[in-house]
Amino acid sequence: ALFIPIDDQSAMRHCCGKWCFWAGVAIVAVMVHIGVNLHRLLGIGKPPLQTDDASQCTLLPGPKGAEDVAIARNGWGFFSALDNNNLVDRGVVACSDDSIGGLWALDVYATTANLATAVPVRIVDGVRNAKQPCANYHGLFLSNATDRLYAVVHHGTFSAVEVYRVVYCRTREVAPTLEFLREIQSDAFPNMGINDVVEGIDSGELYVTQWLSFNVPTSGRHHPITLIEKVQSFALLPIFLLGLRVNTVHRCTFTDDPAVPAVCTDAFGGKVTMQTPNGITTTPDRQTVFVNDVSDMTITAFRRLPSGLLEPANVIPLEFAVDNVDFHSDGGSHGQLWMGTIPELGKIIAHIDDADEAKPPFAGSAAVVDRLADGGWGPPRVVYTHDGTKLSQVSCAFTHSGYVFLGSPWSPGILVCPARAESAAHDHNIDPATPQ
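1. Re the overall build of the protein chain
Looking only at helices and strands, the protein chain features 6 helices and 24 strands. The buried share of the protein chain, reckoned over its 436 residues, is 53%. For the protein chain, contacts bridging at least 24 residues in sequence account for 60% of all contacts bridging at least 6. Accessible surface computed for the protein chain: about 18600 Å², of which carbon and sulfur atoms make up 62%.

As structure tokens, then:
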């Protein structure tokens, strides 16, 4: 500074002052943004959660982590088995447990007729070999129009979408069987980073949500090995706190010939990004696709263009975080969106590093949004809330014959509870004649 003219020193102080001022403003703005985002996500200031009586609920034995459900046209339900916490935390080491993973089937009609005899059956196991250490299934979509079941699967070292043909037996009491057709893989799919899937305009098109920006290390999220894995693991928290929109939905086109690679591209054509796109569903005519954004607490309805790209049509604001979402055209004259909710997201985040057996119970709900006559959407309404004591954390939900069925991303079993009177009288019941 001794060699800098006085006028230049004054100019430097003035310039530094301006830069320091705007840098301070930017830091304050970021902190306020983070605070508002956390306040909304953690539910700070919301009234205490009111739960329903759990004493009449029955926990059916079955998959560890019945993360999603897809209802077949004959009244059977397919459930995915995920055990999300175990696979994400421990990586491929968790694949050694033969009891986790696979696809399960449950006769929903028979379950509501006699809960005492209802037992889910495992129809696809958690395949384990050198290439595919395990098969933990995430989001599901069953098309009653094409008799295809689409399943997001995590093999421990990579993630993909499996496509099955659903084969129905002549007697409804026998579970449908699944005929494997092919697996959809893409370099754009992060390991453990894709979440849910839905059929597109026909059996040669699908959409799959990407909710994580990076690969989960094959050694587990707590044990990154390479430098890039360590940097990516460190970046996940700032991305979450800032609510950055860095994820997307993929559109894949393919044939039934597994020798012909699928072509997967950005379903938004680079024009839209989302925070954490999770559940995805569609209308029977396949012209509208709904995507739930967990962190943003919204469901966006996208219009399918002739090109197959999706463009935003309208946004449905939510009062809570939501996991899976399903459109049902038989729930009233205009249709409904059913969802499993995460009302205690802050509590879940606070205990995210705890072992499953050490976690406190996390409450979860079944909720509905009704489509109105004018094409708009009503406010979300909770139709049942479980306190988490029998099934911790809810990821999927539906009702049938006066009962609510609940699944979880990691808690064992399928919970069946008597629905509230108003829900049993007016809400979704399985209609085999309704294509989806």
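2. Some words on the layout of surface pockets
A volume near 1300 Å³ is recorded for the largest pocket. W211, L212, F240, I349 and I352 are the residues nearest the centre of the largest pocket, which is lined by 43 residues in total. Those elements that provide at least two residues to the lining of the largest pocket are α2 (84-90), α4 (227-242) and α5 (345-350). The leading source of residues in the lining of the largest pocket is α4, at 6 residues. Class assignment for the residues of the lining of the largest pocket results in 21 nonpolar, 16 polar and 6 charged.

3. Points about the state of the cysteines
In a disulfide, the sulfur atoms of two cysteines are held together by a covalent bond. This model, assessed by the stated rule, comprises 2 disulfides. Here C57 is linked by a disulfide to C417, with a sulfur-sulfur distance of 2.1 Å. One quick way to see it: the torsion about the S-S bond of C57 and C417 is about 115°, and its sign makes the bridge right-handed. Placement of the pair is C57 in the loop between α1 (6-41) and β1 (58-64) and C417 in strand β24 (residues 412-418), with a sequence separation of 360 residues. Each member of the pair, C57 as well as C417, is classed as buried.

4. Re α4
Helix length check: α4 (16 residues) gives 23 Å between terminal C-alpha atoms against 22 Å at 1.5 Å per residue, within 8%. Taken as a whole, α4 has its buried residues at E229, Q232, A235 and I239. A positive backbone phi angle near 65° is found at G243, which sits one or two residues after α4.

5. Section: empty space enclosed by the protein
Tallied over the full model, the rule gives 2 cavities of 30 Å³ or more. A volume near 40 Å³ is recorded for the second largest cavity. Residue composition of the lining of the second largest cavity, by class: 5 nonpolar, 4 polar and no charged.

6. Quick look at the pairing of strand β14 (residues 277-282)
Where burial is concerned, most of β14 is hidden: 6 out of the 6 residues are buried. Pairing of β14 with strand β15 (residues 288-293) involves 4 bridges; the strand directions are antiparallel. Its bridge partner being in β15, I280 is matched across the sheet by V291.

7. Describing unusual backbone geometry
In this structure, D83 takes a positive phi of about 50° despite not being glycine. Relative to the elements of secondary structure, D83 occurs in the loop between β3 (76-81) and α2. A residue is classified by how much of its surface remains accessible, and D83, at 1% relative accessible area, is buried. One non-glycine residue with positive phi stands out, namely Q393, at about 70°.

8. Thoughts on the nonpolar core
Counting residues in hydrophobic clusters, the biggest one holds 28 residues, and the most contacted among them are Y150, V161, I184, L206, Y207 and V208. Among the elements of the structure, β7 (148-154), β8 (159-167), β9 (177-184), β10 (194-199), β11 (205-210), β12 (248-253) and β15 are those that each provide at least two residues to this core. In contact with V161, not counting residues within four places along its chain, are Y150, A151, V152, R182, E183, I184, I194, V197, L206 and V208. Grouped together as the second largest cluster of nonpolar side chains are 21 residues, Y137, Y164, V166 and Y168 included.

9. Side note on the pairing of strand β6 (residues 136-143)
Counting buried positions along β6 yields 8 of 8 residues, so the element is predominantly enclosed. Relative to β7, β6 runs antiparallel, the two being bridged by 6 bridges. Across the sheet, the residue bridging to L142 is L149, located in β7. Between β6 and β7, which pair antiparallel and follow one another directly, the connecting turn spans 4 residues, one of which, D147, has a positive phi of 55°.

10. Describing the sheet that holds strand β18 (residues 321-328)
The strand order across the open sheet formed by 4 strands is β18-β19-β20-β21, and the pairing between neighbours is antiparallel. With partners counted over all chains shown, the strands left at the sheet margins are β18 and β21 (381-386), one partner each. Averaged over neighbouring strand pairs, the angle between their axes works out to 20° when direction is ignored. By the bridge criterion, 6 bridges tie β18 to strand β19 (residues 336-342) in an arrangement that is antiparallel. Looking at the pairing, V322 lines up with T341 of β19.

11. Some remarks on the environment of T58
Mapped onto the elements of the fold, T58 is located in strand β1. Along the primary structure T58 and I414 are separated by 356 residues, whereas in three dimensions their C-alpha atoms are 8.3 Å apart. Beyond its immediate stretch of four places on either side in the chain, T58 contacts L115, I414, L415 and V416.

12. Some thoughts on the pattern of salt bridges
Counted under the stated rule, the structure contains 16 salt bridges. Two residues, R165 and E179, come together in a salt bridge whose shortest N-O distance is 3.0 Å. With R165 in strand β8 and E179 in strand β9, this residue pair connects regions lying 14 residues apart in the sequence. Here D353 and R221 are joined by a salt bridge, their closest N and O atoms 2.8 Å apart. Of the two residues, D353 sits in the loop between α5 and β20 (364-370) while R221 sits in the loop between β11 and α4, which places them 132 residues apart along the sequence. When salt bridges that share partners are traced, they join K64, D83 and D356 into one network.

13. A look at the packing of aromatic side chains
In the structure shown here, the tally under the stated rule is 6 aromatic pairs. Aromatic side chains Y164 and F180 sit 5.5 Å apart centroid to centroid with 75° between the ring planes, which places their arrangement in the edge-to-face category. Of the two residues, Y164 is situated in strand β8 and F180 in strand β9; the sequence distance between them amounts to 16 residues. For Y164, a relative accessible area of 5% corresponds to the buried category. According to the relative accessible area criterion, F180 is partly exposed, its value standing at 45%. Taking the centre distance of 5.5 Å and the plane angle of 85° together, the rings of F290 and W377 count as edge-to-face. Highlighted residues: F290 in strand β15 and W377 in the loop between β20 and β21, separated in sequence by 87 residues. As far as the burial class goes, F290 and W377 line up, both buried. A network of ring pairs unites the aromatic residues F290, F327 and W377 as a single cluster.

Rules used in this analysis
Residues numbered from 1 in each chain as written. Predicted model: local features only at pLDDT ≥ 70, side-chain atom pairs only at ≥ 80, totals over all residues. Heavy atoms only, no water. Helix = DSSP H or I, 4+ residues; strand = E, 2+ residues; numbered from the N terminus. Buried < 20%, exposed > 50% of the residue type's maximum accessible area, 1.4 Å probe, protein only. Contact = heavy atoms within 4.5 Å. Areas by Shrake-Rupley, 256 points an atom, 1.4 Å probe, with all protein chains shown as cover. 1 Å grid on protein atoms, 1.4 Å probe; cavity = no way out; pocket = protein on both sides within 12 Å on 5 of 7 lines; lining within 4 Å. Points joined across faces, edges and corners; volume = space filled by probe spheres on them. Nonpolar A, V, L, I, M, F, W, Y, C, P; charged D, E, K, R; others polar. Disulfide = S-S within 2.5 Å. Expected span 1.5 Å × (residues − 1). Pairing = 2+ DSSP bridges. Core = buried A, V, L, I, M, F, W, Y, C linked by side-chain atoms within 4.5 Å. Axes fitted to C-alpha atoms, helices over the stretch in contact; angles between N-to-C directions. Salt bridge = Lys/Arg side-chain N within 4 Å of Asp/Glu carboxyl O. Phe/Tyr/Trp six-rings, centres within 6.5 Å; stacked < 30°, edge-to-face > 60°.

Just geometry here; none of it tells us what the structure is for.
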